[in-house]
Amino acid sequence: MSARPLIEVNQLCHDYDGTGSGIQKISFQIFKGEFLLVAGKNGSGKSTLFRHLNALLMPTKGDLLVHARSIRQDPLAARKTVGLVFQDADTQIVGETVADDIAFGPENLGLARDIVRERVNLALDSLGLTRLRERNPSSLSGGEKRRLAIAGVVAMDPEVIVLDEPFSNLDHPGTLDLIACIEKLHRTGRTIVLATHEIEKVITLATRMIILEQGRLVADDHPRALLKHLERFGVREPCASRFGMEVQPWAS
Ligand SMILES: Nc1ncnc2c1ncn2[C@@H]1O[C@H](COP(=O)(O)OP(=O)(O)O)[C@@H](O)[C@H]1O
Ligand SMILES: [Mg+2]
């Protein structure tokens, strides 16, 4: 890991309506190559935090730096470095075919055609969608649609991929396929930030975990070190851990 953090979150506050809902004084850093798991019950502030990581929301107070540049000064640089896959991103499909849908982002960047083609092929391969490239997105399964939404972000070639609740409403095979793809994205060099309350699905892949509670950061440690403290923060402890056993990879 490099010495300088890729992302620095400094006393970040976001107050939606002046009543204190949002996030409060969150500070932590993200280093290249990490797989950061963000846990916390509904309403704890995960999505609000994520919208600052690629400058979709601006801090009410505090700051967030990407490659040492404030998102206040350079939101476009943050958007280039950090790709955000929204909660329920698969409702935003725009292309006639899977390949067209993935090409939409890079085409809008004004990239040359052969570069767009290369980006699309790489994204199709990373998300296991190559054989579905000519399919109409509306004919895909839930899990395939979710992977398509992620492929659209991967095609923008961001260093950091942020996934907000990627497992919601997926069946078991869809979940397994998605875990394998996320693992591969991490292994091939992307920094991953992932929010979920179903932490047992990725806890063995994560290199670090933070926990949010009522908009505040209440823990930041190696996932194994936090296992026994999860339930205090409204996060379900993995079954194996509750029975005193080693947590195994979900996908094995
Ligand atoms: N657009 C919004 N307007 C006002 N309050 C919001 C908005 N979005 C989220 N909140 C509030 O901010 C807090 C954090 O929400 P959120 O970031 O969505 O949490 P999580 O993703 O962990 O469920 C909650 O209290 C929520 O009600
Ligand atoms: Mg959320």
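Since we're looking at a predicted model, the values are computed, not measured. (Residues numbered from 1 in each chain as written. Chains lettered and ligands numbered in written order. Predicted model: local features only at pLDDT ≥ 70, side-chain atom pairs only at ≥ 80, totals over all residues. Heavy atoms only, no water.)

## Quick word on the coordination of the magnesium ion (ligand 2)
Piece 1. On the protein side, the magnesium ion (ligand 2) has Ser47 (OG) and Gln87 (OE1) as donor atoms, found 2.1 to 2.6 Å from it. Of this pair, Ser47 sits in helix α1 (residues 46-53) while Gln87 is found in the loop between β6 (82-85) and α3 (98-108), placing the two residues 40 residues apart along the sequence. (Donors = N, O, S within 2.8 Å, 3.2 Å for Na, K, Ca; no water. Helix = DSSP H or I, 4+ residues; strand = E, 2+ residues; numbered from the N terminus.)

## So, the side chain of Ser168
Piece 1. Summarising the element assignment, Ser168 is placed in the loop between β7 (160-164) and α6 (172-187).
Piece 2. Judged by its relative accessible area of 17%, Ser168 falls in the buried class.
Piece 3. Only 3.3 Å separates the side chain of Ser168 from the backbone oxygen of Glu165, close enough to count as a polar contact.
Piece 4. With near-sequence residues (within four places) excluded, Ser168 lies in contact with Asp88, Arg146 and Glu198. (Buried < 20%, exposed > 50% of the residue type's maximum accessible area, 1.4 Å probe, protein only. Polar contact = N/O pair within 3.5 Å; in protein donor to acceptor, adjacent residues only side chain to side chain. Contact = heavy atoms within 4.5 Å.)

## Quick look at helix α5 (residues 142-154)
Piece 1. With 13 residues, α5 ought to run about 18 Å at 1.5 Å a step, and its terminal C-alpha atoms sit 19 Å apart, in line with that.
Piece 2. Burial analysis of α5 places eleven of its 13 residues in the buried class, the great majority of the element.
Piece 3. Taken residue by residue, α5 has Gly143, Glu144, Arg146, Arg147, Leu148, Ala149, Ile150, Ala151, Gly152, Val153 and Val154 as its buried positions.
Piece 4. Here the buried face of α5 lies against β6, α3, α4 (113-126), β7 and α6. (Expected span 1.5 Å × (residues − 1).)

## Comments concerning α1
Piece 1. Within α1, six of the eight residues are buried, which leaves the element mostly enclosed by the surrounding structure.
Piece 2. Along α1, the residues classified as buried are Lys46, Thr48, Leu49, Phe50, His52 and Leu53.

## Topic: the sheet that holds strand β8 (residues 191-195)
Piece 1. Sheet architecture is open: six strands sit in the order β6-β7-β8-β3-β9-β10, paired in mixed fashion. A strand with exactly one partner marks an edge of an open sheet, and here the two such strands are β6 and β10 (216-221). When strand polarity is set aside, the average angle formed by the axes of neighbouring strands in this sheet is 15°.
Piece 2. α6 rests against β3 (35-39), β7 and β8 of the sheet, and its axis sits at about 145° to β8. (Pairing = 2+ DSSP bridges. Axes fitted to C-alpha atoms, helices over the stretch in contact; angles between N-to-C directions.)

## What about the packing of α5 against α6?
Piece 1. Contact geometry for α5 and α6: axes closest at 9 Å, N-to-C directions at 20°. By the criterion of interaxial angle, the relationship of α5 to α6 is roughly parallel. For the element pair α5 and α6, the recorded crossing hand is right-handed. Of the residues in α6, those in contact with Gly143, Arg146, Arg147, Ile150 and Val154 of α5 are Gly174, Asp177, Leu178, Cys181 and Leu185.
Piece 2. Counted by class, the contact of α5 with α6 contains five nonpolar, two polar and three charged residues. (Parallel < 35°, antiparallel > 145°, perpendicular 65-115°, else oblique. Left-handed = near helix turned anticlockwise from the far one by under 90°. Nonpolar A, V, L, I, M, F, W, Y, C, P; charged D, E, K, R; others polar.)

## A few points about the pattern of salt bridges
Piece 1. One pass over the full model with this rule turns up 14 salt bridges.
Piece 2. A salt bridge links Arg133 to Glu134; its shortest N-O distance comes to 3.7 Å.
Piece 3. Here Arg133 falls in the partly exposed class, since its relative accessible area comes to 26%.
Piece 4. For Glu134, a relative accessible area of 58% translates into the label exposed.
Piece 5. A salt bridge links Arg208 to Asp220, with the nearest nitrogen and oxygen atoms 2.9 Å apart. Here Arg208 is found in strand β9 (residues 208-213), whereas its partner Asp220 is found in strand β10, with twelve residues between them in sequence.
Piece 6. Accessibility expressed as a relative area gives 11% for Arg208, which makes it buried.
Piece 7. Counted as one network, the salt bridges with shared partners bring together Glu34, Arg208 and Asp220. (Salt bridge = Lys/Arg side-chain N within 4 Å of Asp/Glu carboxyl O.)

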